[in-house]
Amino acid sequence: MTDTNRVWKGPRLPTGGRPSVGRTIGMGAAIILLLVGAAITVSSCSVTVESGYMGIKTTRFGANPGVQRDELGPGFHWEGIGEKIRTYPTLQRTYSYTREPNEYGSENEEITFSDNLGLPMSADVALTFRVREDRAADLFATWRQEFDAFIDGPLRTSVRAAIARETERLPVACNAQLTVADIAPVVPTEGAQSAPAAPDEDPTCPGQLIGPGRQVALAAAMRALQREWGPQGLEIIRMEWVGSIRYPESVLAAIQARTTAEQNTRAALERVNLERANAEARIAQARGQAEANRLLAESIRSNPEVVRLREIERTLGICPLSADTCVVGSDINVSALIAERNGANASP
């Protein structure tokens, strides 16, 4: 006999009818792992382009593999399979090529060049530039270098070549080819009025690198860089010397010696001019005295009584004019006579 009233109740649920704690923890861990995996996938397959930069995409597959010429603006961009997005700065930037370490690195990046005689020189140069936003992809496609490598490589080479082309047209100084032994003091000649012009004042050499010519050469070099890089999407805004040019020691020694010789020449010419002025003053004084003597002699010749008057004044009227020797007696007060004469001359 079977019990027809038995009812099958299925598997027994935990107390209270709720899922177990272990199942809840497992589901939570699975969700967290899923979110972490999604975040890793998104971060590894996407690129954020910041303001002041442009994104450049390169692909390995598709109908047009390589650098895609459409730049990606600031924002979030998905990076698919076989694709790579790199950021390229387009904001204005100043980079200094210097010999000493700076914020860009510790290597020696000074610019070397020479003058028209081949004398080697070097200098630090600061370059201000920016990449056009619509040409960033073209510039990268041409050189296939990251931006920092592009600045240290092709751009620095171009800056050095442009400066060298311009400085090779000019002398470092008009007297740079002279050595110390070649420089002799200039002996002033009769009638010389001024010293030779200083190097910066030489009208036959207006473009020397040790003077204003260095700015002329740098401006011409910047124009050449603008013509070269403008069509490629790189705008050259400004180029400046950082400090002074480092000239060869032999050139500095020769210029210093020449400057010293010119200063000595100026001093010698000033002494000559002073002596000439003093001599002319003495000559003029002698001529004046001679003219006075001549006029006096003519006056005496025309009026002999002047001589007798002078003799009377000299002897105070005591001694006869024809006497060779005159003895004044003790009863004559010479001092009183002199005082009387002086008083008579002083009275109107």
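See the structure printed just above.
Just so you know, these numbers come straight off a predicted model, no measurement behind them. (Residues numbered from 1 in each chain as written. Predicted model: local features only at pLDDT ≥ 70, side-chain atom pairs only at ≥ 80, totals over all residues. Heavy atoms only, no water.)

Details of the overall build of the protein chain
We apply this condition: Where helices and strands are cited, they refer to DSSP runs of H or I of at least four residues and of E of at least two residues respectively, numbered from the N terminus. The buried label goes to any residue with under 20% of its type's maximum accessible area, the exposed label to any with over 50%, and the partly exposed label to all in between, with areas taken from a 1.4 Å probe on protein chains only. Per-residue and other accessible areas were derived by the Shrake-Rupley procedure at a 1.4 Å probe size, with only the shown protein chains allowed to occlude residues.
Assigned secondary structure in the protein chain consists of seven helices and nine strands. Every one of the 348 residues in the protein chain was classed for burial, and the buried ones make up 29%. Here the protein chain displays about 22800 Å² of accessible surface, and carbon together with sulfur accounts for 55% of that area.

As for the nonpolar core
Definition in use: By nonpolar core we mean a set of buried residues, namely Ala, Val, Leu, Ile, Met, Phe, Trp, Tyr and Cys, connected to one another through side-chain atoms within 4.5 Å. In what follows, residue pairs with any heavy atoms lying within 4.5 Å of each other are defined as contacts.
Counting 43 residues, the largest nonpolar core has Phe113, Leu127, Phe129, Phe150, Leu155, Ile163 and Met239 as its most contacted members. Sorting the residues of this core by element identifies strand 2 (53-59), strand 6 (93-97), strand 7 (111-114), strand 8 (120-131), helix 2 (136-143), helix 3 (147-167), helix 4 (213-229) and strand 9 (234-246) as the ones contributing at least two each. Leave out the neighbours within four places in its chain, and phenylalanine 113 touches Leu119, Pro120, Met121, Ser122, Ala123, Ile163, Ala164, Thr167, Trp241 and Ile245.

Looking at the sheet that holds strand 2
Remark on secondary structure: sheet strands pair via backbone hydrogen bonds, oriented parallel or antiparallel. Where we set the bar: Note on pairing: two strands pair once DSSP finds at least 2 bridges between them.
On the basis of which strands lie adjacent, the open sheet formed by three strands has the order 3-2-5 and antiparallel pairing. Two strands lie at the open edges of the sheet, namely strand 3 (66-67) and strand 5 (83-89), each paired on one side alone. In the sheet, strand 2 pairs with strand 5 via seven bridges, with the strands oriented antiparallel. Across the sheet, residue tyrosine 53 finds its bridge partner in strand 5, namely proline 89.

Quick notes on the pairing of strand 7
Bridge count for strand 7 against strand 8 is four bridges, and the pairing is antiparallel. From the neighbouring strand, phenylalanine 113 faces strand 8, where its bridge partner is methionine 121. In this antiparallel pair of consecutive strands, strand 7 and strand 8, the connection spans five residues, and glycine 118 shows a positive phi of 85°.

Here's the deal with the side chain of serine 158
Applied cut-off: Polar contacts, as counted here, are pairs of nitrogen or oxygen atoms within 3.5 Å of one another; within protein the pair requires one atom able to donate a hydrogen and one able to accept it, and residues that are adjacent in sequence qualify only if both atoms are side-chain atoms.
Note on placement: serine 158 falls in helix 3. A polar atom in the side chain of serine 158 sits 2.7 Å from the side chain of glutamate 228. Each residue touching serine 158, except ones within four places of it in the same chain, is listed here: Leu225, Glu228 and Trp229.

With respect to the packing of helix 3 against helix 4
The angle between the axes and the distance between the axes are what describe a pair of packed helices. To keep things clear, this is the line we draw: Here, axes are lines fitted to C-alpha atoms. For helices the fit covers the stretch in contact, and angles between N-to-C directions go from 0 to 180 degrees. Each angle is binned into one of four classes, with values under 35 degrees roughly parallel, values over 145 roughly antiparallel, values of 65 to 115 roughly perpendicular, and all other values oblique. If you view the pair so one helix is near and one far, a crossing is left-handed when the near helix is turned anticlockwise from the far one by less than a right angle, and right-handed when it is turned clockwise. Amino acids outside the nonpolar list (Ala, Val, Leu, Ile, Met, Phe, Trp, Tyr, Cys, Pro) and the charged list (Asp, Glu, Lys, Arg) are all regarded as polar, and Gly is one of them.
Where helix 3 meets helix 4, the closest approach of the two axes is 8 Å, and the angle between their N-to-C directions is 130°. Our classification of the angle between helix 3 and helix 4 gives oblique. Crossing hand, helix 3 versus helix 4: right-handed. Counting all contacts with helix 3, which are made through Phe150, Pro154, Leu155, Ser158, Val159, Ala162, Ile163, Arg165, Glu166 and Thr167, the residues of helix 4 involved are Ala217, Leu218, Ala220, Ala221, Ala224, Leu225, Glu228 and Trp229. Considered class by class, the residues forming the contact of helix 3 with helix 4 number 13 nonpolar, two polar and three charged.

Here's the deal with the pattern of salt bridges
Basically, it comes down to this: Throughout this description, the term salt bridge denotes a Lys or Arg side-chain nitrogen within 4 Å of a carboxyl oxygen of Asp or Glu.
If you walk through the whole model with that rule in mind, you get twelve salt bridges. The salt bridge involving aspartate 148 is made with arginine 93; its shortest N-O contact spans 3.4 Å. With aspartate 148 in helix 3 and arginine 93 in strand 6, this residue pair connects regions lying 55 residues apart in the sequence. The class for aspartate 148 is partly exposed, based on a relative accessible area of 49%. With a shortest N-O distance of 2.8 Å, aspartate 134 and arginine 132 are connected by a salt bridge.

Considering the side chain of threonine 167
The residue threonine 167 is located in helix 3 in this model. A polar contact is formed between the side chain of threonine 167 and the backbone oxygen of alanine 164, at a distance of 3.3 Å.

Overview of unusual backbone geometry
Its identity is not glycine, yet arginine 144 carries a phi of approximately 50°, on the positive side. Tracing the backbone through its elements, the reader meets arginine 144 in the loop between helix 2 and helix 3.

A look at helix 2
Of all eight residues that make up helix 2, six are buried, and the element is covered over most of its length. Check the buried side of helix 2 and you find it contacts strand 2, strand 3, strand 5, strand 8, helix 3 and helix 4. Of the residues trailing helix 2, arginine 144 is marked for its positive phi of about 50°.

Brief notes about the environment of proline 89
Mapped onto the elements, proline 89 comes out in strand 5. By relative accessible area, which is 12% here, proline 89 ends up buried. On a C-alpha basis, the gap between proline 89 and glycine 55 in space is 8.9 Å, while along the polypeptide they are 34 residues apart. If we ignore the near neighbours within four places in the chain, the residues touching proline 89 are Gly52, Tyr53, Val131 and Phe147.

Here's the deal with the packing of aromatic side chains
The line we're drawing: Note on aromatic contacts: the rings of Phe and Tyr and the six-membered ring of Trp form a pair at centre separations within 6.5 Å, being stacked when their planes are under 30 degrees apart, edge-to-face when over 60 apart, and tilted otherwise.
Inspection of the entire model under this criterion finds nine aromatic pairs. Ring plane angle 70° and centroid distance 6.1 Å describe the contact between tyrosine 88 and phenylalanine 140, whose orientation is recorded as edge-to-face. With tyrosine 88 in strand 5 and phenylalanine 140 in helix 2, the pair connects residues that are 52 residues apart, well separated along the chain. Residues tyrosine 88 and phenylalanine 140 agree in their burial class; the two are buried. An aromatic cluster is built from Tyr88, Phe129, Phe140, Trp143, Phe147, Phe150 and Trp229, whose rings are joined through pairwise contacts.

Observations regarding helix 4
The criterion, for reference: To estimate how far a helix should extend, the number of its residues minus one is multiplied by 1.5 Å.
Taking 1.5 Å of rise per residue, 17 residues should cover 24 Å, and helix 4 covers 24 Å from first to last C-alpha, within 8% of that figure. Considering only its buried residues, helix 4 is in contact with strand 8, helix 2, helix 3 and strand 9.

Nothing here speaks to function; it is all geometry.
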